[in-house]
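Below, each chain spelled out in residue letters.
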Amino acid sequence: MPAWICGTCGNHYPEAESPPGQCIICADERQWVPSSGQRWTTLADLAAAGHRSEVREVEPGLLGIGADPPVAIGQRALLVQTGEGNLLWDPPGFIDEQAVHAVREAGGLRSVSASHPHFYGAIAEWSAAFGAEILLPEADAHWLTRPAAAVRTWSGTHAVLPGVTLVQCGGHFPGSAVVHWAAGAGGSGALFAGDTIFVTPGEDRLTFVWSAPNRLPLPETAVRKVVDAVRPYQFDRIYGGWWQPVLRTGARRVLETSADRYIQFLRGDAAVE
Ligand SMILES: [Zn+2]
Ligand SMILES: [Zn+2]
């Protein structure tokens, strides 16, 4: 029996003869169901359709693992490597032997986590392949669609590895989180933001959404909470959920100015003529 994968969000469901009636992630107002109806796939079907894992060094100590062509929302995972073990973040719905091999070569996996439920993907398979703990924020743990024994919940902040900290920001989901990686960006610090904080296409601004596909904004109080949550950390770079865009430098300042600008629009204070 296959584990069923939602074709739209890439989340995995338990092994069964037939797929569930609906994907609870996509039925939620932050996601979407195709007008033609819910679609399901499996890892075997995706491999047969030509999907393969793509592994790239993003910067020293940081591997990216995506699917080519991309699957569902198309996020690529980040594997942050430390002397005390590795963390995999935001796994896509697709996983294959090549991806597992690349992680094994990079020192294996101690923990796997994600910015929010849209990006849980193959999190249960990754955990099973390496005996890794699954770290989920307490506030969002009920969204895990393929239950796994290795789940450990956290709230607020959680030091996973030396210099690698999970920071709960809320906003898009109550448990929406980022990773702060102190050694990132050549020692200036980096955030892995998923879509807790969106990097815009010009790689010079940031934005916030409650729902990206349905174009619903984040309220001011939530935007301020996101910015307040990461303000104590040193960082110069922000990686979003995809290979690109990346805000390469000046990210702390850009976060403050982008949040101020966003709030001007929410309040109706921005001159738009
Ligand atoms: Zn879905
Ligand atoms: Zn999302």
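Everything numeric in this text was worked out from a predicted model, so none of it was measured. (Residues numbered from 1 in each chain as written. Chains lettered and ligands numbered in written order. Predicted model: local features only at pLDDT ≥ 70, side-chain atom pairs only at ≥ 80, totals over all residues. Heavy atoms only, no water.)

Draft legend 1. Expanded view of the coordination of the zinc ion (ligand 1). In this structure, Cys6 (SG), Cys9 (SG), Cys23 (SG) and Cys26 (SG) serve as the protein donors to the zinc ion (ligand 1), at separations of 2.3 Å. Around the zinc ion (ligand 1), the four donor atoms sit at angles spanning 104 to 119 degrees, and that spread fits a shape best called tetrahedral. Summarised as a motif, the one-chain spacing of the donors to the zinc ion (ligand 1) is C-x2-C-x13-C-x2-C. Remark: cysteine 26 occurs in helix α1 (residues 24-27) and cysteine 9 occurs in the loop between β1 (3-6) and β2 (12-15); sequence separation between them is 17 residues. Cysteine 9 sits in the buried class, given a relative accessible area of 1%. Among the residues examined, cysteine 26 registers a relative accessible area of 3% and is labelled buried. (Donors = N, O, S within 2.8 Å, 3.2 Å for Na, K, Ca; no water. Tetrahedral: all angles 85-135°; square planar, octahedral: opposite > 155°, others 65-115°. Helix = DSSP H or I, 4+ residues; strand = E, 2+ residues; numbered from the N terminus. Buried < 20%, exposed > 50% of the residue type's maximum accessible area, 1.4 Å probe, protein only.)

Draft legend 2. Region of interest: the sheet that holds β2. One open sheet accounts for three strands, arranged β2-β1-β3; its pairing is antiparallel. If you trace the sheet from one side to the other, it starts and ends with β2 and β3 (40-41), each paired once. Sheet analysis places β1 next to β3, joined by two bridges and oriented antiparallel. Counted as the bridge partner of isoleucine 5 is threonine 41 from β3. (Pairing = 2+ DSSP bridges.)

Draft legend 3. Here's a closer look at the packing of aromatic side chains. Inspection of the entire model under this criterion finds eight aromatic pairs. When the ring of tryptophan 126 is compared with that of phenylalanine 130, the centres are 6.3 Å apart and the planes differ by 10 degrees; the resulting orientation is stacked. Of the two residues, tryptophan 126 and phenylalanine 130 are both situated in helix α4 (residues 123-130); the distance of four residues between them amounts to about one turn of the helix. Taking the centre distance of 5.9 Å and the plane angle of 55 degrees together, the rings of tryptophan 181 and phenylalanine 192 count as tilted. With a gap of 11 residues between them, tryptophan 181 in strand β13 (residues 177-181) and phenylalanine 192 in strand β14 (residues 190-194) connect regions that are remote in the sequence. The exposure class of phenylalanine 192 is buried, given its relative accessible area of 1%. Connected via pairs of aromatic rings, a cluster forms that spans Phe119, Phe198 and Trp242. A cation over a ring is seen here: arginine 30 above phenylalanine 173, with NZ or CZ 3.8 Å from the ring centre. Above the plane of the ring of tryptophan 243 lies arginine 56, whose end atom (NZ or CZ) is 3.9 Å from the centre. (Phe/Tyr/Trp six-rings, centres within 6.5 Å; stacked < 30°, edge-to-face > 60°. Lys NZ or Arg CZ within 6 Å of the ring centre and 35° of its normal.)

Draft legend 4. Local environment of the nonpolar core. If you look at the biggest cluster of nonpolar residues, it comprises 33 residues, and the most contacted ones within it are Cys23, Leu88, Leu109 and Trp126. Ignoring any residue separated from it by four or fewer positions in sequence, one finds leucine 88 in contact with Ile65, Ala77, Leu78, Leu79, Leu109, Ser111, Val112, Ser113 and Trp126. In this structure, Val178, Ile197, Val227 and Tyr233 belong to the second largest nonpolar core, which totals 26 residues. (Core = buried A, V, L, I, M, F, W, Y, C linked by side-chain atoms within 4.5 Å. Contact = heavy atoms within 4.5 Å.)

Draft legend 5. Broad picture of the environment of tyrosine 239. Along the chain, tyrosine 239 turns up in strand β17 (residues 237-240). When the C-alpha atoms of tyrosine 239 and glycine 194 are compared, they prove to be 7.4 Å apart, with 45 residues separating the residues in sequence. Residues within four places of tyrosine 239 in sequence aside, it is in contact with Val58, Glu59, Leu62, Arg76, Leu78, Ala190, Leu191, Phe192, Ala193, Gly194 and Val246. Polar side-chain contacts of tyrosine 239 include one of 2.6 Å to the side chain of glutamate 59. (Polar contact = N/O pair within 3.5 Å; in protein donor to acceptor, adjacent residues only side chain to side chain.)

Draft legend 6. Region of interest: the coordination of the zinc ion (ligand 2). Coordination of the zinc ion (ligand 2) by the protein involves His116 (NE2), His118 (ND1), His172 (NE2) and Asp195 (OD), with metal-donor separations of 2.1 to 2.6 Å. Given four donor atoms and angles of 94 to 156 degrees at the metal, the environment of the zinc ion (ligand 2) is assigned as irregular. Counting residues between consecutive donors of the zinc ion (ligand 2) along the chain gives the motif H-x1-H-x53-H-x22-D.

Draft legend 7. Spotlight on the pattern of salt bridges. The full count for this structure, using the stated rule, is 11 salt bridges. Across the pair aspartate 28 and arginine 30 runs a salt bridge, and its minimum N-O distance is 2.8 Å. Arginine 231 is the salt-bridge partner of aspartate 228, the closest N and O atoms lying 2.6 Å from each other. Take arginine 231: its relative accessible area is 36%, and that puts it in the partly exposed class. Via salt bridges that share partners, Glu15, Glu125 and Arg146 belong to a single interconnected network. (Salt bridge = Lys/Arg side-chain N within 4 Å of Asp/Glu carboxyl O.)

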